[in-house]
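# Structural characterization, general
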Amino acid sequence: MTTSPAMARRIAPREPDALAMREVDRLVSRLLGEIKVPFGSLGTRVLAQLADLKQILSTDYMDVPALPQKPLLKELAQVVEKDIKQHIPTYGSLSDLGSPQLLGHLGKLFGPRELELRAEPYRTGAGLSLRGFYCRADLGEKSKFVIFVNTAHHPGAVGATLGHELGHFIYGSLVGEKAAHTAFMEGAFGNHLIEEDELFADSLVALAAYTPELIKKIGGVTHLKAGSADVLFNSLKDAYDLIGPRHGLDLAKSKMAAAWRVRYLTSMAHFFKLRCALYKSAGV
Ligand SMILES: [Zn+2]
């Protein structure tokens, strides 16, 4: 009996095996060592973040059913190249994604909804766990897509959130708006792996942060197998060495609480692995 590659992909077990989990554990301890989070003193908040990190590291991003199809990814890559990068002052700087010039351009291109950005710090209560959200509103004659970003976060994280919410705006125009009028971006990235629109929104961030040439150079790893923890560690470190200074972020020296450092590390690992999968699956 022959099995087509597509069949094999579908019936492949989603859960990583014991061997892969050992690789993930090895990788996690190396990464925590790198950002100086001591393994011995992990509180419950850090442990919750670690579960998300492990899921991101152990998932084979080429085998995620919610990964958008090739034509859609190619279209998004075109938007990033031709529309986004041309309208931001510094290439690669996610923080520039909020520039009025860019928002005006995208609003016209993907309207009829007008894009509006509200950037404010939310610190009180569970405020920090919220990175941002969008809502669609009809105000009088105008129909708007309002993006809220929590500026209490590190500027690099704010930029990623902004890119993510812009991705929702573009997805709504290219594919169709989902019924929900409000969507929140909170801590866990594992939840994004099961929703196409979330992965599309994250793809915008990944494409804006890394060129295909760079991914080729660093070497893309989308899944872990026995013995590959060190390869993925080195790729992640290369990516971090590039992205960190660009946004003035040093997770090893930062005074940020350990849970937040793990969360930002998870965020970076997610966008990097996703970027590698986009390159492998759509050649973008
Ligand atoms: Zn989202």
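Residues numbered from 1 in each chain as written. Predicted model: local features only at pLDDT ≥ 70, side-chain atom pairs only at ≥ 80, totals over all residues. Heavy atoms only, no water.

## Description of the coordination of the zinc ion
His164 (NE2), His168 (NE2) and Glu198 (OE) make up the full set of protein donors to the zinc ion, lying at 2.1 Å. All donors of the zinc ion come from a single chain, and their spacing in sequence reads H-x3-H-x29-E. With histidine 164 in helix H6 (residues 155-174) and glutamate 198 in helix H7 (residues 196-209), this residue pair connects regions lying 34 residues apart in the sequence. Since its relative accessible area comes to 1%, histidine 164 is described here as buried. For glutamate 198, a relative accessible area of 12% puts it in the buried group. (Donors = N, O, S within 2.8 Å, 3.2 Å for Na, K, Ca; no water. Helix = DSSP H or I, 4+ residues; strand = E, 2+ residues; numbered from the N terminus. Buried < 20%, exposed > 50% of the residue type's maximum accessible area, 1.4 Å probe, protein only.)

## Describing the nonpolar core
Proteins that are soluble and globular tend to have nonpolar side chains buried together. By size, the foremost hydrophobic cluster in this structure holds 86 residues, and its most contacted members are Leu57, Leu166 and Tyr210. Broken down by element, the residue count for this core peaks at 14 residues, all from helix H10 (residues 258-282). Once residues within four sequence positions are removed from consideration, leucine 57 is found in contact with Val24, Leu27, Val28, Leu31, Leu224, Leu232, Leu236, Ala269 and Lys273. Judged by nonpolar contacts, the second largest core, of five residues, contains Leu130, Phe133, Cys135 and Val146. (Core = buried A, V, L, I, M, F, W, Y, C linked by side-chain atoms within 4.5 Å. Contact = heavy atoms within 4.5 Å.)

## As for the pairing of strand E3 (residues 142-150)
Counting buried positions over the nine residues of E3 gives seven, a clear majority of the element. Two strands pair when backbone bridges link them, and strand E1 (residues 114-120) and E3 are joined in this way by seven bridges, in the parallel orientation. By the bridge assignment for E3, leucine 117 is matched with isoleucine 147. Examined bridge by bridge, strand E2 (residues 132-139) and E3 share eight bridges and lie antiparallel to one another. Residue pairing in the sheet places cysteine 135 in a bridge with valine 146 of E3. What sits between E2 and E3 in their antiparallel hairpin is a turn of two residues, with glycine 140 showing a positive phi close to 60°. (Pairing = 2+ DSSP bridges.)

## Description of the environment of threonine 266
Within the element layout of this structure, threonine 266 appears in helix H10. Classification of threonine 266 by relative accessible area gives buried; the value is 1%. Counting along the chain gives 230 residues from threonine 266 to lysine 36, while the straight-line C-alpha distance between them is 15 Å. Discounting chain neighbours no more than four positions away, the residues touching threonine 266 are Gln49, Asp52, Leu53, Ile56 and Phe189.

## Brief notes about the packing of aromatic side chains
Applying the stated criterion across every chain, the model contains seven aromatic pairs. Here phenylalanine 133 and phenylalanine 148 contribute two aromatic rings whose centre-to-centre distance is 4.5 Å and whose plane-to-plane angle is 15°, an arrangement assigned as stacked. A residue pair is termed long-range when its members are at least 10 positions apart, and phenylalanine 133 in strand E2 and phenylalanine 148 in strand E3 qualify at 15 residues. We note that phenylalanine 133, like phenylalanine 148, is buried. (Phe/Tyr/Trp six-rings, centres within 6.5 Å; stacked < 30°, edge-to-face > 60°.)

## Focus on the confidence of the model for the protein
When pLDDT is averaged across the protein, the result is 87; 92% of the residues are at 70 or more. Within the protein, the lowest mean pLDDT, 43, falls on helix H1 (residues 5-11), and the highest, 96, falls on helix H4 (residues 70-84). In the predicted structure, residues 1-13 sits below a pLDDT of 50 and forms five contacts with residues beyond four places in sequence or in another chain. (pLDDT = per-residue confidence, 0-100.)

## Observations concerning the sheet that holds E1
Taken in spatial order, the four strands line up as E1-E3-E2-E4 in an open sheet, and their pairing is mixed. Only two strands of the sheet have a single neighbouring strand rather than two, namely E1 and strand E4 (182-185). Sheet twist, expressed as the mean angle between neighbouring strand axes with direction ignored, is 20°. (Axes fitted to C-alpha atoms, helices over the stretch in contact; angles between N-to-C directions.)

## Topic: the environment of glutamate 177
Along the polypeptide, glutamate 177 turns up in the loop between H6 and E4. Glutamate 177 sits in the partly exposed class, given a relative accessible area of 41%. Sequence separation between glutamate 177 and arginine 136 is 41 residues, and the spatial gap between their C-alpha atoms is 9.7 Å. Residues within four places of glutamate 177 in sequence aside, it is in contact with Arg113, Arg136 and Gly172. Here arginine 136 takes part through its side chain, which lies 3.5 Å from a polar atom of the side chain of glutamate 177. (Polar contact = N/O pair within 3.5 Å; in protein donor to acceptor, adjacent residues only side chain to side chain.)

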